[in-house]
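One-letter residues, chain by chain:
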Amino acid sequence: MLLESQEMQGQEIPKLIQPRDHRAKVCVWADLTVDDVDRISESLNSDHVRQVLADIFHLDDFRTNIKTGIVMDLYFYTIMFARENNFNREKTSAVFSIVKKTHEVCIETPFGNVDQTFNYFKEMVLCHAVNRPPHSIELFNADEVRKITEYTVNTYFRHFKMYKYAFTPLVRLDLSLSYVGLPVTPPPSEGKPSYAELLPLITYPNEGPYTAADDDGDEDIILYTANGTEESQARKELRTMIQTYLSDEIKKMKTSVEEQIKSTEDSLNKKLEVTEGTKSGKGARGSPKGKKK
């Protein structure tokens, strides 16, 4: 596997972390201390709040760096959410750490880990909503838990792939295949091979014509190895095997699609029959009333 961003810069490829589960714990004052929350509370406008957050978390380049700017927006709007709901200092610090640590779990791996991240977020919320010390504390009530969950789902998890794309490297899988009975494929070169490079690989048993007609009537060039044996025979067999396999798979797909279409049509026809029967029944019941009038 290659990470294109690291490969382009010539840096060492970092070790990729697989999706994993995390254990939640109480995080009051973990990221925002009492003094930090007081500094943010004293800020009267959004620019000053952003500047205080930049000083606390060393995000000085949030106006020029795209990634830093995304993190700043995440932190800033979390603080605004706490203000709108009149959270005290402890609740503000806790909800900020919940969002921050959820984001850290999301971007720790380039692979899909939305389930692990959301489970971690739920456990983090429960750690601050159930009185079971020292494992959890009762900081948020049921209504506040609902608001925090709705806010995080609507603002963060709805844009989960965007955060994943912005903060994790692109992973590319280089896959090589080897077939039994075929010569080893040479490593790919940067450019196309020249005629001079291909000429030593082709030998002819005699000076006569070296083209032959196959079953479809077309002329194909037959390649010979140094000992004079045909090299194209194995490739022809492999091509035949692949074509046969693909034909069978295509037939299976067509059959499956046709069965699905037929099932859908039958289901729609049944619904239409039920609807038409209901309408005709209503009309029949309504006609005698008209005669009585």
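Here is a short report on the structure shown in this document. Counting restarts for each chain: residues are numbered from 1 in the order of the written sequence. Where totals are concerned, whole chains, interfaces and linings use all residues; where local detail is concerned, this predicted model gives features only for residues with pLDDT of at least 70, and gives and counts side-chain atom pairs only at 80 or more. Only heavy atoms go into the side-chain values, all of them from the structure, while hydrogens and water stay out.

A few words now on the side chain of T152. On the secondary structure map, T152 appears in helix 7 (residues 142–155). Residue contacts are defined here by distance: any two heavy atoms, one from each residue, within 4.5 Å place the two residues in contact. Among all residues touching T152, those that are not within four sequence positions of it are V99, F121 and F157. Under the DSSP-based scheme used, a helix requires at least four consecutive residues in state H or I and a strand at least two consecutive residues in state E, with every element numbered from the N terminus.

What follows is about helix 2 (residues 34–42). What helix 2 keeps buried is the set D36, V37 and I40. An end-on view of helix 2 places all buried positions within 95 degrees of arc, on one side of the element. Exposed and oriented more than 90 degrees from the buried face of helix 2 are D35 and E42. Next to the buried residues of helix 2 lie helix 3 (46–57), helix 4 (66–84) and helix 5 (89–106). Here's how the labels work: a residue is buried when its accessible area is under 20% of the maximum for its type, exposed when over 50%, partly exposed in between, all with a 1.4 Å probe on protein chains only. It is the directions from the helix axis to the C-beta atoms that the arc portrays.

Another point: the environment of R20. Along the chain, R20 turns up in the loop between helix 1 (4–9) and helix 2. On a C-alpha basis, the gap between R20 and N113 in space is 7.7 Å, while along the polypeptide they are 93 residues apart. Non-local contacts of R20, meaning those with residues more than four positions away in its chain, are made with E108 and Q116.

In this section: the nonpolar core. Buried Ala, Val, Leu, Ile, Met, Phe, Trp, Tyr and Cys residues form a nonpolar core when they are joined through side-chain atoms within 4.5 Å. If you look at the biggest cluster of nonpolar residues, it comprises 46 residues, and the most contacted ones within it are L53 and F140. Listed by contribution, the elements that provide at least two residues to this core are helix 2, helix 3, helix 4, helix 5, helix 6 (114–127), helix 7 and helix 8 (160–167). Among the elements that make up this core, the one with the highest residue count is helix 4 (nine residues). Dropping the residues within four chain positions of it, L53 is found in contact with I40, H58, M72, Y75, F76, I79 and F96.

A word on the side chain of H103. Counting through the fold element by element, H103 comes out in helix 5. Owing to a relative accessible area of 4%, H103 belongs among the buried residues under this scheme.

Right, let's get into the state of the cysteines. A pair of sulfur atoms, both from cysteines and within 2.5 Å, is called a disulfide here. Overall, the coordinates contain zero disulfides when judged by the stated rule. Cysteine C27 remains unbridged, with the sulfur of C127 as its closest cysteine sulfur at 8.1 Å. Assessed through its relative accessible area of 2%, C27 is described here as buried.

Turning our attention to the pattern of salt bridges. A pairing counts as a salt bridge when a side-chain nitrogen of Lys or Arg comes within 4 Å of a carboxyl oxygen of Asp or Glu. Tallying each qualifying case throughout the model produces twelve salt bridges. The closest approach of N and O atoms between D31 and K100, which form a salt bridge, is 3.4 Å. Taken together, the residues span a long stretch of sequence, with D31 in the loop between helix 1 and helix 2 and K100 in helix 5 at a distance of 69 residues. Residues D31 and K100 agree in their burial class; the two are buried. Between D38 and R89 there is a salt bridge, with the nearest N and O atoms lying 3.5 Å from each other. With D38 in helix 2 and R89 in helix 5, this residue pair connects regions lying 51 residues apart in the sequence. In this structure R89 comes out as partly exposed when scored by relative accessible area, which is 37%. One network of salt bridges, in which partners are shared, links D143, R146, K147 and E150.

Here we take up a nonpolar patch on the surface. Nonpolar side chains collect at one region of the surface, where L173, L175, L177 and Y179 lie side by side and expose about 480 Å² of accessible area between them. Its place among the elements puts L177 in the loop between strand 4 (171–172) and helix 9 (195–198). Patch membership is restricted to residues that have no salt bridge and whose relative accessible area is over 30%. Joining uses 9 Å for like charges and 5 Å for the nonpolar side chains Val, Leu, Ile, Met, Phe, Trp and Tyr. With residues, only the protein chains shown are counted as cover, and all accessible areas are computed by Shrake-Rupley using a 1.4 Å probe.

Before going further, it helps to examine the packing of helix 2 against helix 3. Put simply, helix 2 and helix 3 touch, their axes get as near as 8 Å, and they point 160 degrees apart. Our classification of the angle between helix 2 and helix 3 gives roughly antiparallel. Taken as a pair, helix 2 and helix 3 cross one another with a handedness that is right-handed. Within the contact between the two elements, helix 2 uses D36, R39 and I40 and helix 3 uses V49, V52, L53, D55 and I56. When residues are grouped by polarity, Ala, Val, Leu, Ile, Met, Phe, Trp, Tyr, Cys and Pro land in nonpolar, Asp, Glu, Lys and Arg in charged, and all others, Gly among them, in polar. Tallied by class, the residues present in the contact of helix 2 with helix 3 amount to five nonpolar, no polar and three charged. Helix axes use the C-alpha atoms of the stretch in contact, all axes being lines fitted to C-alpha atoms, and the angles between their N-to-C directions lie in the range 0 to 180 degrees. For classification, angles of less than 35 degrees are called roughly parallel, those exceeding 145 degrees roughly antiparallel, those between 65 and 115 degrees roughly perpendicular, and all remaining angles oblique. For any pair of crossing helices, the crossing counts as left-handed if the nearer helix is rotated counterclockwise from the farther one by less than a right angle, and right-handed if it is rotated clockwise.

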